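For reference, the chains in residue letters:
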Amino acid sequence: MTLAEIEQILQRSVDQALSALGAATTADELEHSRVHYLGQKGFLTQAKKSVGQLATVDDKKQAGKLVNEADARLRKAYDDHKERIEAALREAELAERWDVTLPGRRSLRGKRHPLTMTADDILDVLGSLGFMRAEGPEIEHDWYNFEALNMPREHPARDMQDTFYIDDDVVLRTHTSPVQVRAMLALARPPIRVACYGRVYRNDHDITHSPMFHQVEGLYVDETVTFGDLKGTLQVFVERIFGARSKVRLRPSFFPFTEPSVEVDLSCFSCGGSGSGGAALGDDGRCRLCKATGWIEIMGAGMVDPEVLRFGGLDPDKLTGFAFGIGVERVAMLRWGVPDIRLFFENDRRFLQQF
Ligand code: FA5
């Protein structure tokens, strides 16, 4: 091969190679062209080999220069185009991930569960009245849950609460009242003024009863605690939770651990206590919320039975006390007009977002 022939081949092939490299649109196509033109069997390699066979040193020099120039030009074209393909790829990937024209997505903020909000509000009110927080176990000894509350074994009052037994001596607590006895034994000296919030369990389930629910227990023991103090405390409590126009009514009832015992009714805030009108109006013009009675039951309460004070290690000849137990779900249902207790436990965001 002569110098002129090498020159000719280089000119033609470099042009071909440049347009082939430039036409590649993917990394694979580009690599394919690189191997074809710059690889072992490519024209450049062939040309390099031919340089050695040229007749004169001058020809070799000149041909070598031409081959090296072509080589450098093609490698640069290859590198530049590779860079362009990679940049386009990166951009395509980014465009796939970030569509800056989309409207922003708001991240969901967590908030307190309606039952937690209700319990917090109840505990805030009781805290402002001087009640200290107290706690007790959910898996409780029969003695605290029943016996120390005047319900010995075989006592018919035990049937008031359908109990989950772990064994003969241990139960899932059926109410927060065992914490009364625990608090008396632990604090020992009056005044004892505690509020306990927690889960309780009963074998009970329908739209207003859940096998697991929450109670807040209040207990106040001192030298001169009267039934009037209980009524005053409950009045302040309902005004703060349900509004200034709310009234309480105490109805005689029975609990083995209080004497006298009462059911506490709240004046119906839907019909204003009139039994008719309001937001929960039925077809017959009567209030459905209070069943036209004007009152809604919200908790049990009473003066602590002297025997329970004794179980708590206190002297009933010197001390008196009152106690009350509130169903937290009941309060939340009344506050927000929730028709089914199970809604609180299903964790459906459509329900929870409304509070
Ligand atoms: C008691 O549990 C007594 N320990 C309350 C008490 C305390 C009385 C201190 C006197 C002194 P009762 O069984 O009525 O009482 O329950 C109290 C409240 O818990 C009820 O008013 C109701 O709101 C709620 N409650 C009872 N059972 C369930 C249930 N299965 N699901 C949801 N709430 C319930």
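From a predicted model like this one, the values you see are computed outputs, not experimental measurements.

Student: I'm lost on the sheet that holds strand E4 (residues 170-172) in this one. Help?
Tutor: Sheet strands pair via backbone hydrogen bonds, and the direction of the pair is either parallel or antiparallel. Reading across the sheet, the three strands line up as E2-E4-E3 and stay open at both edges, with antiparallel pairing between neighbours. Two strands lie at the open edges of the sheet, namely strand E2 (139-141) and strand E3 (165-167), each paired on one side alone. Taken over all neighbouring pairs, the strand axes of this sheet differ in orientation by 30° on average, direction set aside.

Student: Can you walk me through a nonpolar patch on the surface in this structure?
Tutor: Taken together, the side chains of Leu94, Trp98 and Val100 make up a nonpolar region of the molecular surface, amounting to roughly 400 Å² of accessible area. Following the sequence through the fold, Val100 ends up in the loop between helix H4 (57-97) and helix H5 (114-128). On the basis of relative accessible area, Val100 is assigned to the exposed category, the value being 79%.

Student: What exactly am I supposed to notice about the nonpolar core here?
Tutor: Here is a general trend for soluble globular proteins: nonpolar side chains tend to be buried in one another's company. Residues Ile122, Phe237 and Phe324 are the most contacted members of the largest nonpolar core, which totals 45 residues. For this core, the secondary-structure elements that each account for two or more residues are H5, strand E6 (212-222), helix H8 (227-242), strand E8 (258-267), strand E9 (295-304), strand E10 (320-327), helix H10 (328-336) and helix H11 (349-352). When residues in this core are grouped by element, the largest group, seven residues, is from H5. Not counting residues up to four positions away in its chain, the partners in contact with Ile122 are Val216, Phe237, Ile241, Ile326, Val328 and Val331.

Student: Can you walk me through the packing of aromatic side chains in this structure?
Tutor: Evaluation of the coordinates by the stated rule reveals ten aromatic pairs. Here Trp336 and Phe355 contribute two aromatic rings whose centre-to-centre distance is 4.8 Å and whose plane-to-plane angle is 70°, an arrangement assigned as edge-to-face. Of the two residues, Trp336 sits in helix H10 while Phe355 sits in the segment after H11, which places them 19 residues apart along the sequence. Using a relative accessible area of 35% as the deciding quantity, one classes Trp336 as partly exposed. Taking 5.7 Å as the distance between ring centres and 75° as the angle between the ring planes, the aromatic pair formed by Phe344 and Phe351 counts as edge-to-face. Here the two residues Phe344 and Phe351 agree in accessibility, since each one is buried. Three or more aromatic residues link up through ring pairs in this structure, and these residues are Phe131, Tyr220, Phe322 and Phe324. Directly above the aromatic system of Tyr144 lies the positively charged group of Arg182, at a separation of 3.9 Å from the ring centroid. Seen from the ring of Tyr220, Arg193 lies directly overhead, with NZ or CZ sitting 4.7 Å from the centre.

Conventions adopted
Residues numbered from 1 in each chain as written. Predicted model: local features only at pLDDT ≥ 70, side-chain atom pairs only at ≥ 80, totals over all residues. Heavy atoms only, no water. Pairing = 2+ DSSP bridges. Helix = DSSP H or I, 4+ residues; strand = E, 2+ residues; numbered from the N terminus. Axes fitted to C-alpha atoms, helices over the stretch in contact; angles between N-to-C directions. Patch = residues over 30% accessible without salt bridge, like charges linked within 9 Å, V, L, I, M, F, W, Y side chains within 5 Å. Areas by Shrake-Rupley, 256 points an atom, 1.4 Å probe, with all protein chains shown as cover. Salt bridge = Lys/Arg side-chain N within 4 Å of Asp/Glu carboxyl O. Buried < 20%, exposed > 50% of the residue type's maximum accessible area, 1.4 Å probe, protein only. Core = buried A, V, L, I, M, F, W, Y, C linked by side-chain atoms within 4.5 Å. Contact = heavy atoms within 4.5 Å. Phe/Tyr/Trp six-rings, centres within 6.5 Å; stacked < 30°, edge-to-face > 60°. Lys NZ or Arg CZ within 6 Å of the ring centre and 35° of its normal.

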